[in-house]
Amino acid sequence: MKLAVSGKGGVGKTTVAGTLARILAARGMRVFAIDADPDANLASAVGMAPEAAAAITPISDMTDLIKERTGAEPGAVAPVYKMNPRVDDIPARMSVPAHGVSLLKLGTVKKGGAGCICPESALLRALVSHLLLAEKEVVIVDMEAGLEHLGRATARGVDVMLVVVEPGRRSLQTAAAISRLSADIGIGRVALVVNKVTGDDAGFCEELAREYDVLGCLPFDEDVRLADLKEQAPYDAAPAYAAAVARILDRLETSESKD
Ligand SMILES: Nc1ncnc2c1ncn2[C@@H]1O[C@H](COP(=O)(O)OP(=O)(O)O)[C@@H](O)[C@H]1O
Ligand SMILES: [Mg+2]
């Protein structure tokens, strides 16, 4: 299973992604958790100690590796470099283990304005594609925004795009926009997770489920907020939330896309 988690800033993407990774690892799967947000904090959501999480070098900063594999310096608008560098050994060599999850911190993926795709972007694209096409592993990608900047070929490897939204009218627009975009780049299924739901929002969740593929509504949970403050994984410190995420995973495995 290859999952990407997207949505607006602050809605709870990283919290969901980290918790999903822990649940799948606890179920005995080999899980790769890819932090594709330049403002990376997936490691701590998985439960890695803050100092250890901060010490991980993002792949985009591994100058020697990028040069060795692509034949060009990072950041260079090089006239010639390998568009399909070798990456098959990188997941095993460069990922950092945490609670049974293999973490990869990508760093900044340049958007490649003015027709430029920099060497480090070529390497990151190749790496994510490689993982998404691997057969056995579970891959969870915590996205900054859309998947487009990783390229269409990469996006097509994603089985399900989970869009995290908060209750409210504006989230309908987000959901619609991400659904369109995901369909455009060839992602098979787009499903919503409504997060930070309180008692007043039950009606909204039901209404949303009539129109969209809603996998579940996660409660606003004080333990999640406290876990964040205590720098602990919600999987360890917010059992009710983790159980709700596990139900979302079960629904994902047993239900089919709405369209
Ligand atoms: N269900 C929830 N209940 C309470 N707080 C939550 C919940 N989900 C996320 N949060 C909090 O919201 C903040 C943003 O979450 P985060 O996962 O970092 O969002 P994103 O990755 O989308 O920017 C964090 O402080 C997190 O602890
Ligand atoms: Mg995040």
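Thresholds, definitions, all that
Numbering of residues starts from 1 in every chain and runs along the sequence as written. To read the labels, note that chains go from A and ligands from 1, taken in the order they are written. Local features in this predicted model are restricted to residues of pLDDT 70 or higher, and side-chain atom pairs are both shown and tallied only at a pLDDT of 80 or more, whereas totals for entire chains, interfaces and linings draw on every residue. Secondary structure is summarised from DSSP: a helix means a run of H or I of at least four residues, a strand means a run of E of at least two, and numbering begins at the N terminus for each. Only C-alpha atoms enter the radius of gyration; for comparison, a globular chain is expected to reach 2.2 Å times N to the power 0.38, where N is the number of residues. Exposure is read from a count of other C-beta atoms within 10 Å of each residue's own; the residue is exposed at 12 or fewer, buried at 20 or more and partly exposed in between. C-beta atoms are placed from the backbone. By definition, residues are in contact whenever their C-beta atoms, placed on the basis of the backbone, come within 7 Å of each other. For two strands to pair, DSSP has to find at least two bridges joining them. The criterion for a residue being near a molecule or strand is simple: its C-beta atom, placed using the backbone, must lie within 6 Å of it. Polar here means any residue outside two lists: the nonpolar Ala, Val, Leu, Ile, Met, Phe, Trp, Tyr, Cys and Pro, and the charged Asp, Glu, Lys and Arg; Gly therefore counts as polar. To form a nonpolar core, buried Ala, Val, Leu, Ile, Met, Phe, Trp, Tyr and Cys residues must be joined through C-beta atoms within 7 Å.

1. Side note on the overall build of the protein chain
Next up, step 1: Of the regular secondary structure elements, the protein chain holds 12 helices and eight strands.
Next up, step 2: Relative to the compact-globule value of 18 Å for 259 residues, the protein chain shows a C-alpha radius of gyration of 18 Å, a close match.
Next up, step 3: Overall, the protein chain is about 55 × 40 × 30 Å in size when its C-alpha atoms are taken along their principal axes.
Next up, step 4: Residues classed as buried in the protein chain amount to 47% of the 259 residues present.
Next up, step 5: Expressed as a percentage of contacts within the protein chain between residues at least 6 apart in sequence, the contacts between residues at least 24 apart total 71%.

2. Digging into the pairing of strand 5 (residues 138–143)
Next up, step 1: In terms of residue burial, strand 5 counts as a mostly covered element, since five of its six residues are buried.
Next up, step 2: Pairing analysis gives four bridges linking strand 1 (residues 2–6) to strand 5, with the strands arranged parallel. The partner of Val5 across the bridge, within strand 5, is Asp142.
Next up, step 3: Across six bridges, strand 2 (residues 31–36) lies against strand 5 in parallel orientation.

3. Let's talk about the site of ligand 1
Next up, step 1: Within the structure, ligand 1 sits among 17 residues, and Gly12, Lys13, Thr14, Thr15 and Asp228 are positioned closest to it.
Next up, step 2: Mapped onto the shell around ligand 1, the elements with two or more residues apiece are helix 1 (13–26), strand 7 (189–197) and helix 10 (222–229).
Next up, step 3: Counted by class, the shell around ligand 1 contains five nonpolar, seven polar and five charged residues.

4. Some points on the environment of Cys217
Next up, step 1: Checked against the element boundaries, Cys217 lands in strand 8 (residues 214–219).
Next up, step 2: Looking at Cys217, the number of C-beta atoms within 10 Å reads 21, which means it is buried.
Next up, step 3: With 21 residues separating them in the primary sequence, Cys217 and Lys196 have C-alpha atoms 8.0 Å apart.
Next up, step 4: Excluding residues that lie within four positions of it along the chain, Cys217 makes contacts with Val194, Val197 and Cys205.

5. Overview of the nonpolar core
Next up, step 1: Within the largest apolar cluster, 79 residues are counted, with the highest numbers of intra-cluster contacts made by Ala33, Ile34, Val46, Ile140, Leu162 and Leu192.
Next up, step 2: No other element matches the eight residues that helix 6 (residues 119–133) contributes to this core.
Next up, step 3: In this structure, Ala33 is in contact with Ala17, Ala21, Leu42, Val46, Val101, Leu103 and Ile140, ignoring residues within four places of it in sequence.

6. Some thoughts on unusual backbone geometry
Next up, step 1: One non-glycine residue, His99, adopts positive backbone phi at about 50°.
Next up, step 2: Structurally, the position occupied by His99 is in the loop between strand 3 (96–98) and strand 4 (101–105).
Next up, step 3: What makes His99 partly exposed here is the crowd of 17 C-beta atoms within 10 Å.
Next up, step 4: Of note, the phi angle at Glu231 is positive, near 55°, even though the residue is not glycine.
Next up, step 5: Residue placement: Glu231 occurs in the loop between helix 10 and helix 11 (234–237).

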